[in-house]
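Overview (structure and organization)
Okay, here's what each chain looks like letter by letter:
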Amino acid sequence: MIRTRGLTHLALRVRDAERAFAFYEQVFGMVAVYRGAGFVQAQTPGAWDILVFEEQQETGGDTGGISHFGFRLVDPRDIDEAALAVQAAGGQIVSRGEFVPGEPYLFCRDPDGHDVEIWYELPTPADPPQNRLPGES
């Protein structure tokens, strides 16, 4: 087994890298850490996750087996704010509800048609200790 920081990087095919980045910047506070011809690499401040937006004319259809990707909320009470942010940034809410009591979720579609989950998950034994909030065990 090799040591890693976990799955931290997805590259998304998009029609316009700057427009795609703007959605994730507005909804999740991501910041651009690299820009190049036809791509933007964005990261969530304080986290290891990276999304790379790569311009390609063909963006839909072939997902390579990925059905969606998600952002885990810190506080379940933020789900309503997340829904408003998605819509304000040009996304579309596809569904929302609770997986189990105390674990709200929503599925949305970004402007390029990628399916994104935003959810809160109760702490699990596999969560990194440094990422637990005060009072969480």
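Keep in mind the model is a prediction, meaning the values are calculated, not measured.

Looking at helix H2 (residues 79–88)
Those residues of H2 not exposed but buried are Ile79, Ala82, Ala83 and Val86. For H2, the angular spread of the buried residues around the axis is 100°, confining them to a single face. Facing away from the buried side of H2, by more than 90 degrees, are the exposed residues Glu81, Leu84 and Ala88. Those residues of H2 that are buried are in contact with helix H1 (17–28), strand E6 (92–98), strand E7 (104–109) and strand E8 (115–119).

Some points on the environment of aspartate 112
By the secondary structure assignment, aspartate 112 is in the loop between E7 and E8. In this structure, the C-alpha to C-alpha distance between aspartate 112 and phenylalanine 23, residues 89 residues apart in sequence, is 9.9 Å.

Comments concerning the pattern of salt bridges
For the structure on display, the rule yields six salt bridges. One salt bridge in this structure joins arginine 19 and aspartate 112, with 3.0 Å as the shortest N-O distance. Pair noted here: arginine 19 is in helix H1 and aspartate 112 is in the loop between E7 and E8, with a separation of 93 residues, a long-range link. By relative accessible area, aspartate 112 is classed as buried at 7%. Residue arginine 96 pairs with aspartate 80 through a salt bridge whose shortest N-O separation is 2.5 Å. Placement of arginine 96 in strand E6 and of aspartate 80 in helix H2 is noted, with a sequence separation of 16 residues between them.

A closer look at a nonpolar patch on the surface
On the surface, a nonpolar cluster with roughly 260 Å² of combined accessible area is contributed by Val31, Val33 and Tyr34. Relative to the helices and strands, valine 31 is located in strand E2 (residues 31–36).

As for the sheet that holds E2
Ordered in space as E1-E4-E3-E2, the four strands form an open sheet in which the pairing is mixed. Either end of the sheet is taken by a strand with one partner, and the two such strands are strand E1 (9–14) and E2. Across the sheet, the mean angle separating the axes of adjacent strands is 20° when strand polarity is ignored. Its contacts with the sheet place H1 against E1, E2, strand E3 (39–43) and strand E4 (50–55), and it is angled at close to 150° to E4.

Concerning the packing of aromatic side chains
Applying the stated criterion to the full structure yields nine aromatic pairs. Centre to centre, the rings of tyrosine 105 and phenylalanine 107 are 5.6 Å apart; their planes meet at 65°, and the pair counts as edge-to-face. Residue classification places tyrosine 105 among the buried residues on the basis of a relative accessible area of 16%. Exposure remark for phenylalanine 107: the relative accessible area of 19% places this residue in the buried category.

Rules used in this analysis
- Residues numbered from 1 in each chain as written.
- Predicted model: local features only at pLDDT ≥ 70, side-chain atom pairs only at ≥ 80, totals over all residues.
- Heavy atoms only, no water.
- Buried < 20%, exposed > 50% of the residue type's maximum accessible area, 1.4 Å probe, protein only.
- Helix = DSSP H or I, 4+ residues; strand = E, 2+ residues; numbered from the N terminus.
- Arc of directions from axis to C-beta.
- Contact = heavy atoms within 4.5 Å.
- Salt bridge = Lys/Arg side-chain N within 4 Å of Asp/Glu carboxyl O.
- Patch = residues over 30% accessible without salt bridge, like charges linked within 9 Å, V, L, I, M, F, W, Y side chains within 5 Å.
- Areas by Shrake-Rupley, 256 points an atom, 1.4 Å probe, with all protein chains shown as cover.
- Pairing = 2+ DSSP bridges.
- Axes fitted to C-alpha atoms, helices over the stretch in contact; angles between N-to-C directions.
- Phe/Tyr/Trp six-rings, centres within 6.5 Å; stacked < 30°, edge-to-face > 60°.

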